[in-house]
Amino acid sequence: MSDNKTMERSQSKFIYDYLPWNTFNHAHNNLSGRIAGLSPELNEYGQKVELDLPKSYLISRIHRHVSKWPNAESIRDDLTYANTELVKPGWANYLVYPLTFECDDCGSVTKYSRDDMDAMASEANDARGLAVCQNPNCGEQLSDRDQLPFVAVCECGAIDELNVPECCGAGMQFNRPTTQMGSWHWQCAVNPSLCATKSFYATPVYCPNGDCDNQDMEVMNHTSSSAFYPQVKNLINVQPQLDDLHSSEHYQARIVSDYLLGDEDAEPSEHEKRQVANDILGGGAALLSADEEEAQEAIEKAKSRLMIDVQEHREETEDWLQTTFDDEPRTSLAEELYEFLSVVSPEYAPASGIESVSYQEMVDNDANETHLSLPKVRKYNQVREELNFAEVRLIKDFPITAATYGYTRTAPNPPGENRNPAGGDTEEEGRRGENSDESGEDGSDGDKNERPVELNLFRTGDYSAPQIFAQTNDAEAVLVQFDLEKVLVWLDENDLFDAPSGLSATVTMPDTDDEEAMRRWFIANINPPGRYEALHDDAPAGTSECVTRHCYTLLNTTAHLFINGMGALAGHQRESLVEHLMPRTMSFIVYKRPDTDFALGSLWTLFEEQFDDFSEHLDELYDCSYDPVCLHDENGACEDCLYLAAISTENANHNLGRGTFYGGNFDGRDLTGYKDISLNGGA
C-alpha cells in the first residue's frame with residue numbers, strides 16, 4: 001500500500017486523537033499509522049476556512065496553562081501572536097507506522113526504512129503485498145497482520161521503533177513467553193543453536209532527537225495512553241471581542257461589575273416603583289389621590305431611586321480592582337466571570353444563543369419550558385434546595401472551544417506534578433513486570449527516567465511556525481452554583497474563620513444579607529490554584545489560604561461526584577465528561593466532550609427525568625471500597641471514589657476530599673459536611 005495517505009474524520013476527533021505525531025489503528029484494515037500532519041478545512045471554493053477566534057486571547061490563556069513545564073519559557077517565546085497559526089483541521093495525512101514486521105510463518109522480525117516502504121508500496125486499500133520476509137529460509141509475503149505494535153517513546157517527545165538486533169544476515173525472532181517484558185528476548189531466526197539469545201532489555205532504543213541524550217527510551221504498545229498525551233485548553237463562549245479583555249481594564253471592570261450586580265441592575269417591578277412613589281408623595285394613599293401627571297412624575301423618580309447607576313458602579317469597581325489585584329489575577333478573574341455570565345446572562349450569551357433553564361425558572365414559569373408536571377418541577381426544585389445549591393441549570397448549545405496546542409509522552413503533567421493515578425496506564429505497568437521502575441514519592445518519574453517530561457508544540461517542520469488546532473462545538477452541560485450564604489455558614493460552622501491562638505484572622509464573615517457583599521468577598525478571598533497545584537493543607541484557620549483550600553476542594557469534589565453520578569445514570573464513560581470550575585462564583589459546569597459519540601440530549605434528559613434519582617445516587621457515592629484507609633490516610637480521595645482521567649479534571653486530581661461535601665475527616669479536621677448545612681441553626 002502507499003505509505004503516505006489522507007483520511008477524513010469527525011473534526012472534533014482531530015482535536016483529541018488524530019494529531020501530528022500520534023499513532024492510531026486504521027479503521028479499515030489491520031495497519032497502524034502515524035499522523036504526519038493536519039490540513040486546514042476548506043470551503044466550497046477550495047479556500048482555507050479562517051477561524052473567527054480571538055487569537056491573542058487564546059494564546060494568553062495557553063501561556064498560563066503551560067507555566068509549570070520545564071520548557072515553558074521557550075514555549076511562550078515560540079507561541080506568539082505573530083508566529084502562531086490557528087488551524088481548523090479538515091483532514092489528516094498519515095504514514096504507515098511502525099515499520100517493524102514479524103513474519104507469521106517463521107517469526108523473523110524485520111525493521112524496514114521509510115524508503116523501503118515507498119519502494120514496496122502497492123494500491124491504497126491492498127491489505128497484502130507489503131513486503132517479503134527477509135529470512136533466507138522463509139521468503140513469505142508479509143501482510144498488515146504482521147505489523148508489530150511496539151514503539152519506543154522519550155520524555156522529550158520523540159518516538160521511534162524497536163531496536164532489532166542483526167544475526168546471520170537476517171532478522172531475529174522476538175520471543176514473548178509471558179506478558180512481562182522482563183521475560184522477552186531475541187534469538188536467531190536462522191539457527192538459534194549457533195547464536196546466543198539476547199535479552200530484550202539489552203537492546204535499548206536511543207533517542208533519535210539530536211538534542212536529547214536518552215539512551216533507553218521506554219518501549220510500549222503504540223496504543224498505550226502514555227505514548228501520547230494531547231495538551232488541550234477548553235474555553236467557553238470564545239468571541240472575537242475577547243482580544244480586548246487582556247488589554248482593557250475598562251472591559252474587565254464591566255464584566256466584574258455586571259457579575260457583582262447580578263439582577264440588581266434590572267428594571268424594578270411596577271409594584272416596587274409604586275411603593276416608592278407613594279412614599280415620595282407622602283405615604284398613605286397619596287399615589288391614588290394624586291392626579292395623573294403628578295403620579296407619573298413620582299413613579300419616574302421612584303424608578304430613578306431604585307435603579308443602580310451602572311456606569312458609576314463600573315467606575316467604582318475598576319478602582320477596587322486596581323487596588324485589590326495585580327494585572328494577571330485581575331485578568332484571570334475577568335475571564336472566569338465572563339464565562340459564568342455567558343451561561344446565566346443573555347447579554348453575554350453568544351449571538352446564536354444558549355438554550356438553558358434552571359429548576360427555579362421552571363417553577364416560576366409554571367413548567368411551561370418542560371413536558372414535566374408542575375408538581376414534579378417543584379419537587380426537583382426542593383431537592384436542589386436540600387442539596388444547598390443556589391442553582392442547577394440545564395444547558396444545550398453550550399459553546400466549547402477546544403484549542404490543542406501540543407503533546408507530551410510518558411506523562412500528561414509536568415515533572416513533580418504527576419500524582420494522578422487515573423492518568424496512568426496500569427496495563428502497561430503490569431506488562432513491564434519486575435523490571436519496572438516505580439515512580440518517586442514526590443511525583444517524579446523515578447530513577448530510570450531522569451530526563452524531565454517536556455511539552456512539544458505542533459509544527460509542520462523543524463523551523464516552521466507553531467500550530468494551534470481549534471474547534472468550537474456545541475455541547476450539553478449542567479451548571480451548578482453553590483448557595484454563597486450557606487458556603488459562608490459552612491465555613492463558620494467548621495470554625496474556619498477562627499484563627500488559632502496568637503494569630504490574627506485575615507478573613508472575616510461578610511454581611512450575608514447583602515448579595516453583592518458576599519459576591520465581592522468570594523472574589524477577593526478565593527485564590528484558585530493552577531492546573532497542577534495542590535493547595536496547602538496546613539494553612540491556619542482565619543486565612544485566605546485556608547478558606548481557598550476548603551472552598552475549592554468542596555467545589556472540585558462535588559464536580560467529580562457529579563461526573564461519577566452522571567456517568568452511572570446517563571450511561572456515559574466518565575472520560576467523556578469534563579468539569580469546568582469557576583471557584584470565585586462557587587460554580588462548576590460538567591459537559592459532554594463533543595468528540596464522544598452518544599445520543600444527543602442524554603444529559604438534559606437525565607436532569608429533566610431523574611434529578612431525584614440523581615440526588616439519591618449522590619448519597620451512595622459517599623462510600624469508598626478503600627475506607628477507612630481512604631478517608632483517614634488519603635484525605636477521602638482515591639482512584640476508587642473521586643479520581644478522574646486527566647482529560648476530565650481541571651486540577652489533575654488535586655484538592656479533593658469527600659469530607660467537605662459529606663462530612664468527616666479532611667486535612668485533619670472532622671468537618672460538618674456542606675450538604676448538612678441549614679440556615680436555620682447551622683447543621
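Considering the side chain of S32
For S32, the location among the structural elements is in strand β3 (residues 32–40). Within the local environment of S32, its side chain forms a polar contact with the side chain of N25, the two groups lying 3.0 Å apart. With near-sequence residues (within four places) excluded, S32 lies in contact with F24, N25, L95, V96, Y97, P98, Q147 and H222.

Here's the deal with the pairing of β3
Taking burial as the measure, the nine residues of β3 include seven buried ones, the bulk of the element. One ladder, built from three bridges, connects strand β2 (residues 23–25) with β3; its direction is antiparallel. Opposite N25, over in β3, you have S32 as the bridge partner. Hairpin connection from β2 to β3: six residues lie between these consecutive antiparallel strands. By the bridge criterion, seven bridges tie β3 to strand β5 (residues 89–96) in an arrangement that is antiparallel. When the bridges of β5 are listed, L38 appears paired with A92.

Topic: the packing of aromatic side chains
Taken as a whole and assessed by the stated rule, the structure comprises 37 aromatic pairs. Where W69 meets Y532, the ring centres are 6.3 Å apart and the plane angle is 80 degrees; that geometry is what we call edge-to-face. Remark: Y532 occurs in the loop between α15 (515–525) and α16 (544–570) and W69 occurs in the loop between α2 (55–65) and α3 (72–78); sequence separation between them is 463 residues. W69 sits in the buried class, given a relative accessible area of 3%. Seen from their ring centres, Y259 and F340 are 5.6 Å apart, and the 90 degrees between their planes marks the pair as edge-to-face. Within this pair, whereas Y259 is found in helix α5 (residues 249–261), its partner F340 is found in helix α10 (residues 327–344), the two being separated by 81 residues in sequence. Judged by relative accessible area, which is 0%, Y259 ranks as buried.

What about the nonpolar core?
Residues F562, M566 and F607 are the most contacted members of the largest nonpolar core, which totals 126 residues. The greatest single-element share of this core, amounting to twelve residues, is contributed by α16. Those residues in contact with F607 that sit more than four places away from it in its chain are Y359, Y380, L394, V478, F562, M566 and F614. L162, C167, M181 and W186 belong to the second-largest nonpolar core, a separate cluster that totals 23 residues.

Some thoughts on a negative patch on the surface
A contiguous patch of negative charge, built from D291, E292, E293 and E294, is present on the exposed surface. Tracing the chain through its elements places E293 in helix α8 (residues 292–306). Among the residues examined, E293 registers a relative accessible area of 66% and is labelled exposed.

Some remarks on the environment of Q296
Tracing the chain through its elements places Q296 in helix α8. Among the residues examined, Q296 registers a relative accessible area of 43% and is labelled partly exposed. Along the chain, Q296 and A277 lie 19 residues apart, while their C-alpha atoms are 8.8 Å from each other.

What about the sheet that holds strand β12 (residues 172–175)?
The strand order across the open sheet formed by five strands is β6-β7-β12-β13-β14, and the pairing between neighbours is antiparallel. For this open sheet the edge positions go to β6 (100–102) and β14 (198–199), each flanked by a neighbour on one side alone. The pairing of strand β13 (residues 185–188) with β14 spans two bridges and is antiparallel. Along β14, the bridge assignment pairs H185 with S199.

A closer look at the pattern of salt bridges
Inspection of the entire model under this criterion finds 26 salt bridges. Among the ionic pairs, R459 bridges to D78, the shortest N-O distance being 2.7 Å. Placement of the pair is R459 in strand β19 (residues 456–459) and D78 in helix α3, with a sequence separation of 381 residues. Overall, the relative accessible area of 26% leaves R459 in the partly exposed class. On the accessibility criterion, D78 (27% relative accessible area) is partly exposed.

Quick word on the pairing of strand β21 (residues 577–582)
As a general feature of sheets, a regular strand has side chains that alternate between the two faces. Counting buried positions along β21 yields six of six residues, so the element is predominantly enclosed. Here β21 shows no split at all, with L577, E579 and L581 on one side and V578, H580 and M582 on the other all buried.

So, the sheet that holds strand β11 (residues 159–160)
With antiparallel pairing, three strands are arranged side by side in an open sheet as β11-β10-β15. What marks the edges here is a single partner per strand, and that holds for β11 and β15 (218–221).

As for the environment of P98
Along the polypeptide, P98 turns up in the loop between β5 and β6. Residues P98 and P149, 51 residues apart in the sequence, show an inter-C-alpha distance of 6.9 Å. Once residues lying within four places of it in the same chain are set aside, the contact partners of P98 are S32, Q147, L148, P149, F150, V151 and E161.

Brief notes about the state of the cysteines
This model, assessed by the stated rule, comprises zero disulfides. Not part of a disulfide, C103 finds its nearest cysteine sulfur in C138, a span of 3.7 Å. Just so you know, C630 is unpaired, no disulfide at all, and the nearest cysteine sulfur is the one on C638, 3.6 Å from it.

What counts as what
- Residues numbered from 1 in each chain as written.
- Predicted model: local features only at pLDDT ≥ 70, side-chain atom pairs only at ≥ 80, totals over all residues.
- Heavy atoms only, no water.
- Helix = DSSP H or I, 4+ residues; strand = E, 2+ residues; numbered from the N terminus.
- Polar contact = N/O pair within 3.5 Å; in protein donor to acceptor, adjacent residues only side chain to side chain.
- Contact = heavy atoms within 4.5 Å.
- Buried < 20%, exposed > 50% of the residue type's maximum accessible area, 1.4 Å probe, protein only.
- Pairing = 2+ DSSP bridges.
- Phe/Tyr/Trp six-rings, centres within 6.5 Å; stacked < 30°, edge-to-face > 60°.
- Core = buried A, V, L, I, M, F, W, Y, C linked by side-chain atoms within 4.5 Å.
- Patch = residues over 30% accessible without salt bridge, like charges linked within 9 Å, V, L, I, M, F, W, Y side chains within 5 Å.
- Areas by Shrake-Rupley, 256 points an atom, 1.4 Å probe, with all protein chains shown as cover.
- Salt bridge = Lys/Arg side-chain N within 4 Å of Asp/Glu carboxyl O.
- Lys, Arg positive; Asp, Glu negative; His and termini not counted.
- Charge placed at Lys NZ, Arg CZ, Asp CG, Glu CD.
- Disulfide = S-S within 2.5 Å.

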